[in-house]
Every structure is written in structure tokens, then in C-alpha cells.
Amino acid sequence: EYLYAAYRRALTGRPGPVILQVPQEFLRSVVEKNSEIKKQQIFIPKPGPAQDAVIAASKLLNDAKKPLIIVGSGAYWSNSGAELRKLSSEYSIPVFSNAMGRGLVSEDDQLSWSWAKAKSAARFADLILLVGARMTQRLGYGLPPMLNKKAKIIQIDIEGEQISRNRKVDLPVVSDAKLALIEILKNLQFLKTKRKKDTTWINLALEEQQDFINSVGINEDKYIHPYSIARYINKVMPENAIYIGDGADIQNWMHAFLQIKCEGGFMDHYPLGSMGIGTPLAIGVASAAQEISNENGSELRPVVHVTGDGAFGFYSS
């Protein structure tokens, strides 16, 4: 019963680890007869959006002059990459991606950027669509100066209690991200939608920052700047690679430079908050990639691990 409850909790809503604590006295008990545990199918519900929320979200997207989509891990867990790519490309809506949401829309610095690289432009958006992204410290808690206090905010999240944390949103959408985006895309087709939005405001906002990035780590004599490493990795890393980041300063530099091109292509130590776990993460990911390739005959995805600031030494022993 408790195992079933633990598995169900781990797999529903936003997936995550669950602790199942065994009382100490159980460890001293003698089991005379071991009964076989019957396999149970776990039903994983995926709630869809309310129709009035879909209509309202579509109208806000249609009317906005500078809309922005911010994507987080919830979008990855719902497998909503195809819908995000369609929404972004058909209506020229820029996407800033964070955490495991990176790579759902290939980061090309034209319609898709990493949040770390482009976040300083977010304050100019007049509408922000949060897709499986929560207003935590990385997003400045959704508050000024990171985000415009006058910007309208739509938040799509599978867990209603996570909506409007730190900042009240204008339109809450309690739904699986993929299902919500499917319905929004359908509804946009019925509107006289301005299919192409002007995205030059992002490049203008990032112009000074981009000039600085382009000037750092060039022709070094005494040291190797993290941007030099990132610049080289961008050139040689296959588009289907899985990048694992670790460290402190080096990881911050990498965040703002590396381009993730593929779904499920990015992991770092941020969710667990501990430097050094990048190396065991990389080993686990490489093992899983090999297992998946063996099972379905798919191309083996390479794993690239970058670690620095002494992070490797935390767990190497």
C-alpha cells in the first residue's frame, strides 16, 4: 500500500523524488512467510485546461506587442516541446528556457535563448507566458526589476498551489502544459491573429551584453576563460548531446553562453543545490543513454560534462 502510494506521488503532478520511511521497529521484526506483491498499474492523471482560460490566454497572446514565453522543467515533464516550437515559430514569439526546459525549443539566439543569457531583456515584455516555470529565485521571483510590473502574466502549471507564488498572475491555467498549449494553438487559429510578432526588441536589449560576450575569452595568453571553453563546446557538441554542468563560477559562465539544441539536453546541480553532483549525474545519464539505445535501437546520445571550481573533488572519492 505504501509503496504504491509513494510511486503514485512520485509520478503524478510534477514528477520528483519521494521518501518512504520505514519505522525502526520493522527492522527487528521476523517475517515468517513472504507474500508476493502483485504488480499494479499506476494511473497518471493529466488535467486539461478550462475552456475560458484557453480563450483568455489566446486573446492575451494575440493582443500583445512584446510577448515572451518562459519555459521551465514542467514543460519538459509534460513533453510539450512540439507545441512550444509550433507556437514560437508560427507566431514569432521568443522563448527563454530554464532548467530542464532548455532545448525544447532549439536555442538559436533568434527565437530561442537560455534564460541565463537573455533574462535582462525580459523586463521589456508586455506579456509573459510561463509554461511549467515557477517564479523562484532564478526568475527574480517574478518581480521588478527582472520582470515588468505592468506586464500581464499567464502561468500554466499542473499544480494549482504553485500558481501566483511571489507574484499574483493575471491568468492562472491549472493544466498539464502540453494539453494547455494544444488548446491554445487551436484557439489562436480561430482568431484574426497577428501571426508574426516583432522580436527586434530582444536583440536591441541584449546588444551591449552580446558585444561584451563576444569580446571575452579571445586570444588569451595566461589563462583559459570559461567563455573560451563554451565557445569551443558550441562548435563541437552534437545537437543531440546531453550537457551536464557543475561548479560555481564556471557553471554561471556556461549558463549564459552554451546553446542547447535538443530536448532533454540539459542538467545541472541546481535542483539539489550541491556542487559536485555533476560527475555522478553524468555517469548516470551516460548509463541511461546506453540502456535506452540498446532497448530501442536509437542513436546513442553523447554526454558532455563540464565541471570546475573544485566541484569534481567533492564526490570523486
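See the structure shown above.
It should be emphasised that the depicted structure is a prediction, and the values quoted were computed from it without experimental measurement. (Residues numbered from 1 in each chain as written. Predicted model: local features only at pLDDT ≥ 70, side-chain atom pairs only at ≥ 80, totals over all residues. Heavy atoms only, no water.)

## Some details on the sheet that holds strand β8 (residues 266-267)
Part 1 of the reasoning: Pairing is parallel across the open sheet formed by three strands, whose spatial order is β8-β7-β9. Each edge of the sheet is formed by a strand with only one pairing partner; in this case those strands are β8 and β9 (303-306).
Part 2 of the reasoning: As paired elements, strand β7 (residues 242-245) and β8 share two bridges and run parallel to each other. Looking at the pairing, tyrosine 243 lines up with phenylalanine 266 of β8. (Pairing = 2+ DSSP bridges. Helix = DSSP H or I, 4+ residues; strand = E, 2+ residues; numbered from the N terminus.)

## Some words on the layout of surface pockets
Part 1 of the reasoning: When its volume is computed, the largest pocket comes out at roughly 920 Å³.
Part 2 of the reasoning: Every residue lining the largest pocket is counted, 30 residues in all, and those nearest its centre are Arg14, Pro15, Ser73, Trp77 and Pro271.
Part 3 of the reasoning: Broken down by secondary-structure element, the contributors of at least two residues to the lining of the largest pocket are α1 (2-11), α3 (73-77) and β8.
Part 4 of the reasoning: For the lining of the largest pocket, the residue count by class is 17 nonpolar, seven polar and six charged.
Part 5 of the reasoning: Its volume calculated, the second largest pocket comes out at about 460 Å³.
Part 6 of the reasoning: Glu1, Tyr2, Leu3, Tyr4 and Leu20 are the residues nearest the centre of the second largest pocket, which is lined by 14 residues in total.
Part 7 of the reasoning: When its residues are assigned to classes, the lining of the second largest pocket shows ten nonpolar, two polar and two charged. (1 Å grid on protein atoms, 1.4 Å probe; cavity = no way out; pocket = protein on both sides within 12 Å on 5 of 7 lines; lining within 4 Å. Points joined across faces, edges and corners; volume = space filled by probe spheres on them. Nonpolar A, V, L, I, M, F, W, Y, C, P; charged D, E, K, R; others polar.)

## Thoughts on the packing of helix α2 (residues 51-63) against helix α6 (residues 177-190)
Part 1 of the reasoning: Relative orientation of the contacting elements α2 and α6 amounts to 60°, with a least axis distance of 9 Å. Here α6 runs oblique to α2, going by the angle between their axes. Every pair of crossing elements has a handedness; the one defined by α2 and α6 is right-handed. Facing α2, whose interface residues are Gln51, Val54, Ile55, Ala57, Ser58 and Leu61, α6 presents Glu183, Ile184, Asn187 and Leu188.
Part 2 of the reasoning: Class assignment of the residues belonging to the contact of α2 with α6 gives a composition of six nonpolar, three polar and one charged. (Axes fitted to C-alpha atoms, helices over the stretch in contact; angles between N-to-C directions. Parallel < 35°, antiparallel > 145°, perpendicular 65-115°, else oblique. Left-handed = near helix turned anticlockwise from the far one by under 90°. Contact = heavy atoms within 4.5 Å.)

## Things to note about the environment of lysine 39
Part 1 of the reasoning: Examined against the element boundaries, lysine 39 turns out to sit in the loop between α1 and α2.
Part 2 of the reasoning: As a C-alpha pair, lysine 39 and tyrosine 4 span 35 residues in sequence and 9.6 Å in three-dimensional space.

## Looking at the packing of aromatic side chains
Part 1 of the reasoning: In total, this model carries six aromatic pairs according to the counting rule given.
Part 2 of the reasoning: Measuring from ring centre to ring centre gives 5.2 Å for tyrosine 76 and tryptophan 77, while their planes differ by 70°; the resulting arrangement is edge-to-face.
Part 3 of the reasoning: Given a relative accessible area of 26%, tyrosine 76 falls into the partly exposed group.
Part 4 of the reasoning: What makes tryptophan 77 partly exposed here is its relative accessible area of 41%.
Part 5 of the reasoning: An angle of 80° between the planes, with centres 5.7 Å apart, marks the rings of phenylalanine 96 and tryptophan 113 as edge-to-face. Note that phenylalanine 96 is positioned in strand β2 (residues 95-97) and tryptophan 113 in strand β3 (residues 112-114), a separation of 17 residues in sequence. (Phe/Tyr/Trp six-rings, centres within 6.5 Å; stacked < 30°, edge-to-face > 60°. Buried < 20%, exposed > 50% of the residue type's maximum accessible area, 1.4 Å probe, protein only.)

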